[in-house]
Amino acid sequence: YRLVFGESDLLPGLVVDRYGDVLVVEIGTAGMERMKEDILATLQTVLEPRAVLWKNDGAARSLEGLPLYVEGACGAVPDQVTVHENGLAFAVPLAGGQKTGWFYDQAHNRRALLHYVAGARVLDVFSYLGAWAIAALRHGAAEATCVDASAAALALAGHNAAANGVRLAATLKGDAFEVLAALKSEGREYDLVILDPPAFIKRRKDIPKGQAAYRKLNLLGMQLLGRDGLLVSSSCSYHLPGEELLGAIGRAGRHLNRHVVMLEAGGQAPDHPVHPAIPETRYLKTFFCRVVRE
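About the thresholds
- Starting from 1, residues in each chain are numbered consecutively following that chain's sequence as written.
- Per-residue local features of the predicted model are confined to residues with pLDDT of at least 70, and side-chain atom pairs are confined, for both listing and counting, to 80 or more; whole-chain, interface and lining totals are unaffected and use all residues.
- Hydrogens and water molecules were not included; the side-chain quantities draw on all heavy atoms of the structure.
- One bridge is not enough; two strands pair if DSSP finds at least two bridges between them.
- Strands here mean DSSP runs of E at least two residues long; helices mean DSSP runs of H or I at least four residues long; both are numbered from the N terminus.
- Axis definition: a line fit to C-alpha positions, over the contact stretch in the case of helices; interaxial angles, taken between N-to-C directions, run 0 to 180 degrees.
- Each residue is placed in one exposure class: buried if its accessible area under a 1.4 Å probe, protein chains only, is under 20% of its type's maximum, exposed if it is over 50%, and partly exposed if it falls in between.
- When the strands point away from the viewer, a crossover counts as right-handed if the route from the first strand across the helix to the second turns clockwise.

Caption draft 1: Spotlight on the sheet that holds strand β8 (residues 121-125). Read across the open sheet, the 7 strands follow the order β10-β9-β8-β11-β12-β14-β13; overall the sheet is mixed. Of all the strands in the sheet, just β10 (170-173) and β13 (258-266) have a single pairing partner and so form its edges. Going across the sheet, the axis of each strand differs from the next one's by a mean of 15 degrees, ignoring polarity. Of the strand pairs in this sheet, β13 and strand β14 (residues 285-293) are connected by 8 bridges, and their pairing is antiparallel. Within the sheet, the bridge partner assigned to M262 lies in β14 and is C289.

Below you can see the structure in the form of structure tokens.
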């Protein structure tokens, strides 16, 4: 599970992901960095971990003049741990993984997906370790393909699929926008397209460029759907309100002459708490939309 403290406009001040008796800690602000040793002492007292890893390599740290590094704080940190979610087991890299290793915030949305996957051809874009695709396969999807820029992540996705008794149809390495365009040119179609990108908007000055990226991504993803399909579209950018993401999905539908209906909306899981006085803590938006050709 995850603990989050002291949100800023850019990053949580402190994120602690707990994998049993191993902790992965991400510090996002200069103030928290100055309290690093006190933070470690408190975690050791309260949680008594076997090992702690500082995963302080997020690019946003540079905006506060902080160095980027990954290093053990105490104990022997394993290369990988196992995460159990919705009855499945996933090998998760720690020092070499994205962010703090696992995207816990989408756990409830991945569970909601399971109602829609029976018999579906699934495309999981920005798949990382294959959490969406593998869950879909185990719950009746006909096939699933993962798209990610990281060869290491895709290799682990294939490993995780096999460990859970399923097989990915393909793993496609490359820029998501380019891969989606290539799949369209090949005439590929899917019943379910999942778009779970990293934050395209990290700062207010990034808003126009980020908005354009979300619009393009949803258009590219939607055009790969068959006659009656499901688009699952997410944004973890606080600076993109939910209504703007939904608007981007709607505009993509109009551009492609498709009828779009939102079936379900989700946010972050409860271990990513929302503080009523800190609007930045309500950041994740996920929409499940039926898309029908008119």
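Moving on from the coordinates now.
Caption draft 2: Seen up close, the pairing of strand β11 (residues 190-195). Of all 6 residues in β11, 5 are buried; the element is thus mostly enclosed. Where β11 lies against strand β12 (residues 225-235), 5 bridges are found, and the strand directions are parallel. Each bridged residue has a counterpart across the sheet, and for I194 the counterpart in β12 is V232. This β-α-β element, β11 to helix α7 (residues 207-222) to β12, shows right-handed connectivity.

Read these as layout, nothing more, since geometry by itself doesn't imply function.
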